[in-house]
Amino acid sequence: MWIAADHVNAYVPTTPGHHEIYGYNFYVDETFQGRAAGTLQSGPPALTHLSKSAALIRCQIEWRGPVEWGAPNGRTIAQEMRSIMIE
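A few points on the structure. Everything numeric here is computed off the predicted structure, so don't read it as measured data.

Moving on, we come to the side chain of Glu80. Topologically, Glu80 is positioned in strand β7 (residues 76–86). Here the side chain of Glu80 touches Trp63 through a polar contact of 2.8 Å, side chain to side chain. What Glu80 contacts, discounting residues up to four positions off in sequence, is Cys59, Gln60, Ile61 and Trp63.

A word on the pattern of salt bridges. In this structure the tally under the stated criterion is four salt bridges. Between Glu62 and Arg64 there is a salt bridge; the shortest N-O distance is 2.9 Å. Each member of the pair, Glu62 together with Arg64, is buried. For Glu80, the salt bridge identified is with Arg82, shortest N-O distance 2.8 Å. For the pair Glu80 and Arg82, a shared accessibility class is recorded, and that class is buried.

A few words now on the nonpolar core. The nonpolar side chains of a soluble globular protein tend to be buried, and buried together. Core analysis: the largest hydrophobic core is formed by nine residues, namely Ala5, Val8, Ala10, Val12, Tyr24, Phe26, Cys59, Ile61 and Trp63. Elements supplying a minimum of two residues to this core: β1 (5–13), β2 (19–26) and β6 (54–64). Considering every element that reaches this core, the biggest residue donor is β1, with four residues. Not counting residues within four places of it along the chain, the set of residues in contact with Ala10 comprises Glu20, Ile21, Tyr22, Tyr24 and Ile77.

Cut-off values and rules
- Residues numbered from 1 in each chain as written.
- Predicted model: local features only at pLDDT ≥ 70, side-chain atom pairs only at ≥ 80, totals over all residues.
- Heavy atoms only, no water.
- Helix = DSSP H or I, 4+ residues; strand = E, 2+ residues; numbered from the N terminus.
- Polar contact = N/O pair within 3.5 Å; in protein donor to acceptor, adjacent residues only side chain to side chain.
- Contact = heavy atoms within 4.5 Å.
- Salt bridge = Lys/Arg side-chain N within 4 Å of Asp/Glu carboxyl O.
- Buried < 20%, exposed > 50% of the residue type's maximum accessible area, 1.4 Å probe, protein only.
- Core = buried A, V, L, I, M, F, W, Y, C linked by side-chain atoms within 4.5 Å.

Right, dumping it as structure tokens:
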């Protein structure tokens, strides 16, 4: 299961045909080797009982960068739907 990453690059458009690369770190809660610390923000998990011995947990997770100029609430870098089946 993938739960973190310390090298995540966002290609942010600047002008038509051009972009800047913003480096983020989703591994530790601090700036790491010049990459800004991001957060994983999850919504409420949903539990589905599949049988007496199996269940499915689903949760939406938003990978968000820190507050920065041009992104007062941080940038959404990725959105993930995580499904975990337990048997």
